[in-house]
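Structural overview
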Amino acid sequence: MAELAATGTFAPRPGAAPLTRQVLAQAGMEARLMLRNGEQLLLALVIPVIVLLAGVTGGDRIDLADALDLEGRLVDVLTPGVLALAVMSTSFTSLAIATGFERRYGVIKRLGASPLPRTGLLAGKVLALLVVVLVQLFVIGGVGQLLGWTPQPGVLGFMLAIVLGCAAFASLGLFVAGVLRAEATLAAANLIYLLLLAGGAVVLPVSAYGGFGDVARWLPSGALGEAMRTALLDGGTGWRDLGVLAAWAVLGTGLTARTFTWE
Amino acid sequence: MPEFPAVSVSGLVMEYAGKRAVDGLDLEVARHSITAVLGPNGAGKTTTLETCEGYRRPHAGSVRVLELDPIRDRRALLPRIGVMLQGQGAWSGVRAMEMLRHVARMHAHPLDVEMLADRLGLESCGRTPYRRLSGGQQQRLGLAMAIVGRPELVFVDEPTAGMDPQARRTTWELLRELRGDGVTVVLTTHYLDEAEQLADNVHIIDRGRMIASGTPLELTRGGNSATIRLVVTRPFPPGAPESLRATLGERIEVTRLDERSLVVTGPADGSTLARVSRWCEEHDVLPESLILGRRSLEDVFLEITGRPLAAADDTIEEALRG
């Protein structure tokens, strides 16, 4: 029997869109959803900006820079730290929560039946992450400038800090989302974020933590914070901190590869 | 080119925690047809469908979809099939049309999304976030996402669950139009009327096994010729089915559907009807309705499994609760 003539509204005409178009669509969607969601936006922009504003204006009043024995002006120390915080919040907390609920709501299962391959989905997530981080850099950097921030950018160190920071935290975020239920992921990702914000040497330098600083510099938060400060305070490249981030990225990727299931 | 079946399943076995959800199932789906897989909840319908969609690996047996292996040839197969899952499948904050457009972008030659939304009555809720859509709207969006890529074959799992009668009819019309345009449709349902009205072929599954296959006409024509349904005003006295069966003779089967209704199957005719009526009189039972009718798919299910489809559903629910 011959094929039925392909006429009619619903006549089959299957085919996958080019992979780049699929990945861009996925990235655009994820970035949009992240920037539209109130809680995610709070995490991505509002909290970092408040930390920066409060840290700089309040810190100036109580001479925080002197009290913590910081090298350089307070705004120059805090802005790179807050940028590191923003990278952490997006690539760890937001990614973990979003992925946890995507699994829960069957989004990943649904997209699994579309032509978008798993690698394309992952690429879309990474791209969305970088878009959101870029928005954060502009907003936080802008607020920093208004407060008088004068960075000494070391482009290589800065770029590597962002890329390796995203990789380390994203792999850990996916690990959490993969092993816990959606609600538990939500709780754990927020709790870890708060603990690292307070004690992880991300906003304030390792030197401000006394003895604990020696521990904090091996945490992904401390390493990212230090790498950012090295890049933006001195224009240097903090190779040791970048190495720590790379090690966390390898560890997180290994854990995720072993445990993660998409559904 | 010889016409190959759209779906060919043979000897499929799926096990979960030592229990067989699918137990040696054979199933063939002709192209350009609507095929209904009918059965109670937990019969293995969704598991079978998800194996065809490449979500699950068969524990034994083989599955071919459009002549491809759903696992090994997944990338080649996915653009050619459309999948409607049972519920969910979208971000909670995504708007209805935004989601449909998103899925459309994954395909090379998608349908016009505005037209599709219009056909499925989604235009009024296009900007509504997914979590605020009604169950029926979510179902219709799910169907739209399944067909937007212009697939050759669509799998729709319980497509009209939670829909109002109007939306059900619209959905049936759309599925018929898909078939008319050359799309093969495989649907699962536990609604008998849906299978009877919509499907070219019906496969009845129970406890992971295929218990009957054929066109609705073949299924309802074969075997015994008629049924009598009796509904009474007050609950039956104890032992009513047995007593009625004794009155009617060996070749007639009497099955209690619930406390106020039963069904008589077998070579039932006018005189059987009269005897049922006389039995009611003798046992002081007042009929509310007494209907002699053609066999329905419900009766087929009842004859083969010895229990009504609705009761089979209850059994599963009880099992899940217990």
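Residues numbered from 1 in each chain as written. Chains lettered and ligands numbered in written order. Predicted model: local features only at pLDDT ≥ 70, side-chain atom pairs only at ≥ 80, totals over all residues. Heavy atoms only, no water.

Considering the overall build of chain A
Where we set the bar: Strands are runs of DSSP state E lasting at least 2 residues, helices are runs of H or I lasting at least 4, and numbering of each runs from the N terminus. Relative accessibility decides the category of a residue: with a 1.4 Å probe and only protein chains considered, values under 20% of the type maximum give buried, values over 50% give exposed, and everything between is partly exposed. Calculation of accessible area relied on Shrake-Rupley with a 1.4 Å probe; when residues are assessed, cover is drawn exclusively from the protein chains displayed. Counting rule for charge: Lys and Arg are taken as positive, Asp and Glu as negative, and neither His nor the chain ends is counted. By convention, charge coordinates are those of NZ in Lys, CZ in Arg, CG in Asp, or CD in Glu.
Secondary structure assignment for chain A yields 11 helices and 0 strands. The order of helices and strands in chain A, counted from the N terminus, is α-α-α-α-α-α-α-α-α-α-α. When the backbone C-alpha atoms are referred to their principal axes, chain A occupies close to 85 × 35 × 30 Å. For chain A, the residues scored as buried account for 52% of the 263 residues in total. Per element, the accessible surface of chain A, about 11,200 Å² overall, is 69% carbon and sulfur. If you average the places of the 17 positive and of the 16 negative side-chain charges in chain A, the two averages end up 15 Å apart.

Describing the nonpolar core
Applicable threshold: To qualify as a nonpolar core, a set must consist of buried Ala, Val, Leu, Ile, Met, Phe, Trp, Tyr and Cys residues joined through side-chain atoms within 4.5 Å.
In terms of nonpolar packing, the biggest core is built from 115 residues, with Met228(A), Leu100(B), Leu116(B), Leu141(B), Ile147(B) and Ile204(B) touching the most fellow members. By residue number, the principal contributor to this core is helix α4 (residues 74–104) of chain A, which donates 15 residues. The next biggest cluster of nonpolar side chains, apart from the first, holds 29 residues, and it includes Val7(B), Val37(B), Ile81(B) and Ile205(B).

Observations concerning the layout of surface pockets
Residue and element names in this part refer to chain A. Filter applied, for reference: For each structure, a 1 Å grid was placed over the protein atoms alone; sets of points admitting a 1.4 Å probe that cannot get out are labelled cavities, open sets with protein on both sides within 12 Å along at least five of seven lines are labelled pockets, and lining residues have an atom within 4 Å of a point. Grid points are joined across faces, edges and corners, and a volume is the space filled by probe spheres set on the points. Residue polarity is assigned by list, with Asp, Glu, Lys and Arg as charged and Ala, Val, Leu, Ile, Met, Phe, Trp, Tyr, Cys and Pro as nonpolar; anything else, Gly included, falls into the polar class.
Taken as a whole, the largest pocket encloses approximately 640 Å³ of empty space. Counting residues per element, the ones that place at least two in the lining of the largest pocket are α1 (19–36), α2 (38–61), α4 and α8 (182–199). Classifying every residue of the lining of the largest pocket by side-chain character gives 12 nonpolar, 5 polar and 6 charged.

Notes on the packing of helix α7 (residues 155–179) of chain A against helix α10 (residues 220–233) of chain A
Residue and element names in this part refer to chain A. Using the following cut-off: Axis definition: a line fitted to C-alpha atoms, limited for helices to the stretch in contact. Angles are taken between N-to-C directions and run from 0 to 180 degrees. Throughout, the term roughly parallel applies to angles under 35 degrees, roughly antiparallel to angles over 145, roughly perpendicular to angles from 65 to 115, and oblique to all others. Two helices cross in a left-handed way if the nearer one is turned anticlockwise from the farther one by less than a right angle. They cross in a right-handed way if the turn is clockwise. In what follows, a contact means two residues having at least one pair of non-hydrogen atoms within 4.5 Å.
Running from N to C, α7 and α10 cross one another at 165°; their axes reach a closest spacing of 9 Å. One way to sum up the angle between α7 and α10 is to call them roughly antiparallel. With respect to the hand of their crossing, α7 and α10 are arranged in left-handed fashion. Contacts from Gly-157, Phe-158, Ala-161, Ile-162, Gly-165, Phe-169 and Leu-172 of α7 reach α10 at Pro-220, Ser-221, Leu-224, Ala-227, Met-228, Ala-231 and Leu-232. Considering only residue class, the contact of α7 with α10 consists of 11 nonpolar, 3 polar and no charged.

Looking at the interface of chain B and chain A
Cut-off, in case you're wondering: Buried area: the accessible surface (1.4 Å probe) lost by two parts on joining, summed over both. Every case where a carboxyl oxygen of Asp or Glu lies within 4 Å of a side-chain nitrogen of Lys or Arg is listed as a salt bridge.
Across the boundary between the two partners, chain B contributes 47 residues, which contact 38 residues of chain A. The largest share of the area that chain B buries against chain A comes from Trp91(B), Met106(B) and Arg150(B), three residues that together contribute 19% of it. Along the contact surface separating chain B from chain A lie 3 salt bridges. Here Arg36(A) makes a salt bridge to Glu98(B), at a shortest N to O gap of 2.9 Å.

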